[in-house]
Amino acid sequence: MAETSLDSAEVARRLARLSTVDDHMARTYPGARSDLQPVHTCYVPADRVDATVLRSWSDQALAALDEHAATPSRLAEILGLTQEIAEAVHPRVRAKLAGSPVQDLRIDFEDGYRADAEDADAVRTAGVVADWLRDGVAPANFGLRVKSYDTPELRERSVRTLDLFLTALLARTGGVPDGFVLTFPKVVDVAQVEVFVEILGLLEQRFGLGEGALRFEIQVETTQSIVDSEGRFALPRFLRAGAGRVTGLHFGTYDYTASCGLTAAHQHLAHRACDYARHAMQVAAAGTGVFLSDGSTNVLPVGDQVVKGWQTHYELVRRSLAHGFYQGWDLHPAQLVTRYAAVFAAFRDSAPAEAARLAAYTGTGSAEVLDEPATARALAVSFVRALDNGATDADEVKVLTGLAETDLRALGRL
């Protein structure tokens, strides 16, 4: 037996101190969530949300595709795709638009909402959601964005709208539906998150819901949500204050760039000021299971600028994907065309090389790159994500990687 020099009891006593670190890491960084992350969130002002809005978004997106990019060749011309990728992407985009293209919808009572009857709209839209659930047509994810807690008037209005909506919804559904989430905008101080959590707790008690049943996203659209007034990194404190209820961090392009002092000409998603905020979000959320969502572009594919709007949106979505942001805001139905085109094309651009690396790691191919387990996990997750969002299917993935879907999902969870 090999001889050692250190006293084993002394070593054990010191190493035992790290058990508190283990417990903290397990609680704070549980790892990736198993539920599907939507590729987008569609924001629709509450006064425009009615029984037809989901079908309307699908119909308008299909109409835009058929009018301006009816063939793979035309889509390739507009977006700069290779013909091979366009041939694969175009039918998948069309199928997605014809089915249920809205993966996440937020009924918006903040920016863009222009109604005099917020009480009535809160109750009415709750009824719309209840009807979606009854008819089996609700998006996988949905909810509402309430007003911010910036002023006493806004706070009271925000709480009242949420109370009215939930009272009406739960009267019809009896409980919080799966996929329901709230969006909390313009956070500037951790106390706002703390109070929001307390309000949600009061609502849960009132409705007899389990603790933590009401979940929410934090919108990162102020400089104080990155660095607080004391010079501290704010987002980890926001997440802790969320008490396990925070499901996502959503970037707000225009409020954030305006708060940085940028003029309108420079308020866009590709500005380096936005990169700084997104990277801060990424660092704060890493390992926590909190989803990240990028912001929006206000260059819409409408009127005479459909092609320009598509090109702008497509490039920004591709840029977001390259930065590890797999979700973003869509503000117009025609943006669904380039949302799915970008997501599907990005997968197909990278799939051959990623499949070769994955095959090499699992021993079914030759190795040109020596990947670490963490990278192999990320490679598997990219294929799982593509399976979930419709960019590919199990048969195609098996041909590419040599792995069955179940094996890929297992590898992605390691």
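About the criteria used
Residues numbered from 1 in each chain as written. Predicted model: local features only at pLDDT ≥ 70, side-chain atom pairs only at ≥ 80, totals over all residues. Heavy atoms only, no water. UniProt positions renumbered as here; feature names shortened; annotations may be inferred. 1 Å grid on protein atoms, 1.4 Å probe; cavity = no way out; pocket = protein on both sides within 12 Å on 5 of 7 lines; lining within 4 Å. Points joined across faces, edges and corners; volume = space filled by probe spheres on them. Helix = DSSP H or I, 4+ residues; strand = E, 2+ residues; numbered from the N terminus. Nonpolar A, V, L, I, M, F, W, Y, C, P; charged D, E, K, R; others polar. Salt bridge = Lys/Arg side-chain N within 4 Å of Asp/Glu carboxyl O. Buried < 20%, exposed > 50% of the residue type's maximum accessible area, 1.4 Å probe, protein only. Pairing = 2+ DSSP bridges. Right-handed = clockwise from strand over helix to strand, strands pointing away. Axes fitted to C-alpha atoms, helices over the stretch in contact; angles between N-to-C directions.

Under an unreviewed UniProt entry, the name given to the chain is Aldolase, and the source organism is Saccharopolyspora terrae. According to the UniProt record, the Cofactor (unreviewed entry) comment for the chain reads "Mg(2+)".

Draft legend 1. A look at empty space enclosed by the protein. What the rule picks out here adds up to one cavity of 30 Å³ or more. Elements represented by at least two residues in the lining of the largest cavity include exactly helix 12 (306–322) and strand 8 (328–330). With four residues, helix 12 is the single largest residue contributor to the lining of the largest cavity. When its residues are assigned to classes, the lining of the largest cavity shows four nonpolar, seven polar and two charged.

Draft legend 2. Representation of the pattern of salt bridges in the model. Applying the stated rule across the entire model yields 34 salt bridges. Here Glu110 makes a salt bridge to Lys186, at a shortest N to O gap of 2.5 Å. Taken together, the positions of Glu110 in the loop between strand 2 (104–108) and helix 6 (118–135) and Lys186 in the loop between strand 4 (180–184) and helix 8 (190–207) put the pair 76 residues apart, joining distant regions of the chain. Lys186 gets classed as buried once you look at its relative accessible area, which sits at 13%. Between Arg318 and Asp349 there is a salt bridge; the shortest N-O distance is 2.8 Å. Placement of Arg318 in helix 12 and of Asp349 in helix 13 (residues 335–362) is noted, with a sequence separation of 31 residues between them. Residue Asp349 is classed as partly exposed on the basis of its relative accessible area of 45%. Taken together, the shared-partner salt bridges connect Asp108, Glu110, Asp111, Arg145, Lys186 and Asp255 into one network.

Draft legend 3. Spotlight on the pairing of strand 2. The buried fraction of strand 2 is high, at five of five residues. Of the two faces of strand 2, the one carrying Asp104, Arg106 and Asp108 and the one carrying Leu105 and Ile107 are both buried. Examined bridge by bridge, strand 1 (residues 40–45) and strand 2 share four bridges and lie parallel to one another. Among the inter-strand pairings, Val44 is bridged to a residue of strand 2, identified as Ile107. With five bridges connecting them, strand 2 and strand 3 (residues 141–145) associate as parallel partners. What sits directly across from Asp108, in strand 3, is Arg145. Crossover strand 2 to strand 3 through helix 6 is right-handed.

Draft legend 4. Representation of the sheet that holds strand 3 within the structure. If you walk across this open sheet you meet the eight strands as 7-6-5-4-3-2-1-8, and the pairing is parallel. Edge positions in the sheet fall to strand 7 (291–293) and strand 8, since each has one partner strand and no second. Within this sheet the neighbouring strands show an average axis-to-axis angle of 25°, counted without direction. Strand direction decides the pairing type here: strand 6 (residues 246–251) and strand 7, joined by three bridges, are parallel. Following the sheet pairing, Leu249 is matched in strand 7 by Leu292.

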